[in-house]
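For reference, the chains in residue letters:
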Amino acid sequence: MILDSGAPCSGASSRNGGMIGGGHRLSISQLESQNSPEIALQLIRESYLDSLEFAVGLMKDEKIDCDYSETGRFRAFWHRAGFDKAERELERIKKRLAVEAEMLPRSRQRDEVGTDLYAGGIVYFWHGGLNPAKWSFGIGDAALRAGALAQGHTRVETVRPARTGFVAETSRGRVKAGNVLIATNGYTTPTFSDLTRRTIPVPSFIVATERPGTNRVKDLFPNGRMIVETRERHCYYRPSTDGTRIVFGGRAALSQVPEAFARREMRGLLSQVFPE
């Protein structure tokens, strides 16, 4: 049984940027310094290849229509030093795995995104984009078809061990279970203090433009790539799945702020990337 304090599948997983891939922020140097060569290679393969293969396979097996497209992703570097480091990392990764990626200097940056803001970037050709709401609800529907029970608008207030298994006290009654998985991520409440000490919510905000026209969007995203950047604001943006809008996300603030403030900050960031 799945218990959700809100409507099942309506959390951040259904309202994110809809970018799918893997490994693009993973440091092979750190992995190899902390693990044996064999384990490091397994982790790199899992992140760069297996995770995406699993997700795409799930779409096919469960027939989840979520507007998935293998658009590729362009990771834009805020500083030249970041570009140089990523270039060295990519060389090491390609010696170990068949990763389809290419470094792109600043002189060729506009081949991927219509801005001069960055110091070049890296293209991950296998990455893609999807409609996150369709993806999230598609997984939920697949779980229901497989026999899962989902109860929404039921807040779990405590979980305690019982003689056999566990008892969850909820806002709508008591549930007994053999095992419990708490999968609340950034929504974890102080009730589960052990988890809140180890989980730090980082707010992210997304805006969508009006329809500037498919030709205008195409000019800014020549290959329809998903775009991410390396600065601390961590802006990420893309064409909408129908190619008529720009969907733009980033860190307007490091805490929850009024909507008007977030909207103003996001508009400023969008204008910085695309002054036109």
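Computed from a prediction, not measured in an experiment: that's the story for all the values here. (Residues numbered from 1 in each chain as written. Predicted model: local features only at pLDDT ≥ 70, side-chain atom pairs only at ≥ 80, totals over all residues. Heavy atoms only, no water.)

(A) Highlighting the pairing of strand β10 (residues 173-177). Pairing geometry for strand β9 (residues 166-170) and β10, over 5 bridges, is antiparallel. For V167, the partnering residue across the bridge sits in β10 and is K176. From the end of β9 to the start of β10, which pair antiparallel, there are 2 residues. (Pairing = 2+ DSSP bridges. Helix = DSSP H or I, 4+ residues; strand = E, 2+ residues; numbered from the N terminus.)

(B) Focus on the pairing of strand β5 (residues 121-124). The alternating pattern of β5 places G121 and V123 and I122 and Y124 on opposite faces, both of which are buried. By the bridge criterion, 4 bridges tie strand β3 (residues 73-76) to β5 in an arrangement that is antiparallel. Within β5, the position partnered with F74 by the bridge is V123. As paired elements, strand β4 (residues 101-104) and β5 share 4 bridges and run antiparallel to each other. Counted as the bridge partner of E102 is V123 from β5. (Buried < 20%, exposed > 50% of the residue type's maximum accessible area, 1.4 Å probe, protein only.)

(C) Quick peek at the side chain of Q109. For Q109, the location among the structural elements is in the loop between β4 and β5. Not counting residues up to four positions away in its chain, the partners in contact with Q109 are F74, L104, T115, D116, L117, Y118, A119 and G120. (Contact = heavy atoms within 4.5 Å.)

(D) Main features of the sheet that holds β10. Read from one edge to the other, the open sheet built from 3 strands follows the order β8-β9-β10, with strand pairing classed as antiparallel. Edge positions in the sheet fall to β8 (156-161) and β10, since each of these pairs with one other strand and no more. Averaged over all pairs of adjacent strands, the angle between strand axes in this sheet comes to 20 degrees, irrespective of strand direction. (Axes fitted to C-alpha atoms, helices over the stretch in contact; angles between N-to-C directions.)

(E) Representation of the sheet that holds β4 in the model. The mixed open sheet is built from 7 strands, whose spatial order is β4-β5-β3-β12-β13-β14-β11. Bordering the open sheet on either side are β4 and β11 (205-208), each of which pairs with just one other strand. Within this sheet the neighbouring strands show an average axis-to-axis angle of 15 degrees, counted without direction. Bridging between strand β12 (residues 226-229) and strand β13 (residues 236-239) involves 2 bridges; their strand directions are antiparallel. Directly across from I227, in β13, lies its bridge partner Y237.

(F) Summary view of the packing of aromatic side chains. Inspection of the entire model under this criterion finds 6 aromatic pairs. Summarising the aromatic geometry, the rings of F221 and Y237 are spaced 6.1 Å apart at their centres and angled 65 degrees between planes, so their arrangement reads as edge-to-face. Highlighted residues: F221 in the loop between α6 (214-220) and β12 and Y237 in strand β13, separated in sequence by 16 residues. By relative accessible area, F221 is classed as buried at 1%. Their ring planes at 20 degrees and their centres at 5.1 Å tell us that Y237 and F248 sit as a pair that is stacked. Remark: F248 occurs in strand β14 (residues 246-250) and Y237 occurs in strand β13; sequence separation between them is 11 residues. Both residues of the pair, Y237 and F248, belong to the buried class. Ring pairing ties together the aromatic residues F221, Y237, F248 and F274, which thus form one cluster. (Phe/Tyr/Trp six-rings, centres within 6.5 Å; stacked < 30°, edge-to-face > 60°.)

(G) Focus on the environment of P161. Structurally, P161 is set in strand β8. Each C-alpha atom, one on P161 and one on V180, is 9.9 Å from the other, the two residues being 19 residues apart in sequence.

(H) Examining the nonpolar core more closely. Residues F74, F221, Y237, F248 and F274 are the most contacted members of the largest nonpolar core, which totals 22 residues. Of all the secondary structure elements, the ones that give two or more residues to this core are β3, α6, β14 and α7 (259-273). Looking at this core element by element, the count peaks at 5 residues for α7. Discounting residues that sit within four places of it in the chain, Y237 has contacts with M19, V113, T115, Y118, F221, R225, M226, I227, V247, F248, V273 and F274. L31, I44, F77 and L97 belong to the second largest nonpolar core, which has 17 residues in total. (Core = buried A, V, L, I, M, F, W, Y, C linked by side-chain atoms within 4.5 Å.)

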